[in-house]
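Structure assessment
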Amino acid sequence: MTTIYVSNLGTDTYTVDGTADDVQINQALLYAHNNGTDSSPITVYLRGPFTYELSSWLLVGNNTILTGDKTAKLRLKNNAGWPNIYTTTDPGTEPLLKQRVNPIKNVEVHNFEIDGNKDNQAGYVHGELNYIIMFFSNATNISMHDMYIHDTQSDGMRMANSDTLYFFNNVVERMGHDG
């Protein structure tokens, strides 16, 4: 199994600096999508202790494992201001973890923290579809486990028209809607 590392150390393939780290993480996730197979997924590993700032969403593809140290944290940047993609009666933004392809299959997310930073997102209503942690549709064999997800405007893991879904051993706190 192949593992590619993301860190601020300057020694890994993908180096971040705490600002718009989604760029480098998305490069690693694209590599995983392009090179993973059903029998040999690619692991993208976030090293900690570090807070990775997201100024845009992460695009997760097929046959990808996104994991990291327990001290690795993805955090939505202050006042992200992502555009509303739904109607005025059902407002919402893109999710933090978004699917690269549709349908999507064989994705595992585990062992780190995601902070939706809801108190620093002006103009959004808790419980609407703003800043969902992970939202996939037409998905098969998707797992989120051993995570600490918190402080978002909406849901933790949200799926539509999907099957073989696993959500377990997660700590879910201060969400605008369901875990």
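Before going into details, it helps to say that this report is about the structure given with it. Worth saying up front: this structure is predicted, and the values here are computed from it rather than measured. (Residues numbered from 1 in each chain as written. Predicted model: local features only at pLDDT ≥ 70, side-chain atom pairs only at ≥ 80, totals over all residues. Heavy atoms only, no water.)

Attention now moves to the overall build of the protein. Looking only at helices and strands, one finds one helix and 16 strands in the protein. The C-alpha radius of gyration of the protein comes to 15 Å, within 12% of the 16 Å expected for a compact globule of 179 residues. Dimensions of the protein, computed from the C-alpha atoms along their principal axes, are close to 45 × 35 × 30 Å. Buried positions account for 49% of the 179 residues belonging to the protein. In the protein, once contacts between residues fewer than 6 apart in sequence are set aside, the share between residues at least 24 apart is 65%. (Helix = DSSP H or I, 4+ residues; strand = E, 2+ residues; numbered from the N terminus. Rg over C-alpha atoms; globule rule 2.2 N^0.38 Å. Buried < 20%, exposed > 50% of the residue type's maximum accessible area, 1.4 Å probe, protein only. Contact = heavy atoms within 4.5 Å.)

Let us now look at the sheet that holds strand S13 (residues 148-152). Pairing within the open sheet is parallel, and its five strands lie in the order S4-S7-S10-S13-S16. Each end of this open sheet is capped by a strand with a single partner; those strands are strand S4 (50-54) and strand S16 (171-175). Taken pair by pair, the neighbouring strands of this sheet meet at an average axis angle of 10°, ignoring direction. As judged from the five bridges shared by S4 and strand S7 (residues 72-76), these two strands associate in the parallel manner. Bridge pairing links Tyr-52 to Leu-74 in S7. (Pairing = 2+ DSSP bridges. Axes fitted to C-alpha atoms, helices over the stretch in contact; angles between N-to-C directions.)

A few words on the sheet that holds strand S2 (residues 14-15). The strand order S2-S1-S3-S6-S9-S12-S15 describes an open sheet built from seven strands, whose pairing is parallel. In this open sheet, the two edge strands, each paired with only one partner strand, are S2 and strand S15 (163-168). Across five bridges, strand S12 (residues 139-145) lies against S15 in parallel orientation. For Ser-143, the partnering residue across the bridge sits in S15 and is Tyr-166. Packed onto the sheet, helix H1 (residues 22-35) meets strand S1 (2-7), S2, strand S3 (42-46) and strand S6 (64-68) and runs at close to 165° relative to S3.

In this section: the packing of aromatic side chains. Counted by the stated rule, this structure contains four aromatic pairs. Counting every residue linked through ring pairs, the aromatic cluster contains Trp-57, Trp-82 and Tyr-131. One residue, Arg-158, lies across the ring of Phe-135, its end atom 5.6 Å from the ring centre. (Phe/Tyr/Trp six-rings, centres within 6.5 Å; stacked < 30°, edge-to-face > 60°. Lys NZ or Arg CZ within 6 Å of the ring centre and 35° of its normal.)

Further remarks concern the pattern of salt bridges. All told, the structure shown has seven salt bridges when counted by the stated rule. Where Arg-174 meets Glu-173, a salt bridge forms, and the shortest distance between an N and an O atom there is 3.4 Å. What emerges from the salt-bridge pattern is a single network uniting Asp-151, Glu-173 and Arg-174. (Salt bridge = Lys/Arg side-chain N within 4 Å of Asp/Glu carboxyl O.)

Of the consecutive residues Gly-48 and Pro-49, the connecting peptide bond is found in the cis state with omega at 0°. Here the residue pair Asn-102 and Pro-103 is connected by a cis peptide bond, since its omega of 5° sits within 30 degrees of zero. Here Pro-103 is to be found in the loop between strand S8 (97-99) and strand S9 (104-110). Positive phi, close to 55°, is recorded for Asp-151, a residue that is not glycine. As for its placement among the helices and strands, Asp-151 is situated in strand S13. Assessed through its relative accessible area of 11%, Asp-151 is described here as buried. Phi is positive for Asn-161, close to 50°, though the residue is something other than glycine. Mapping Asn-161 onto the fold places it in the loop between strand S14 (157-160) and S15.

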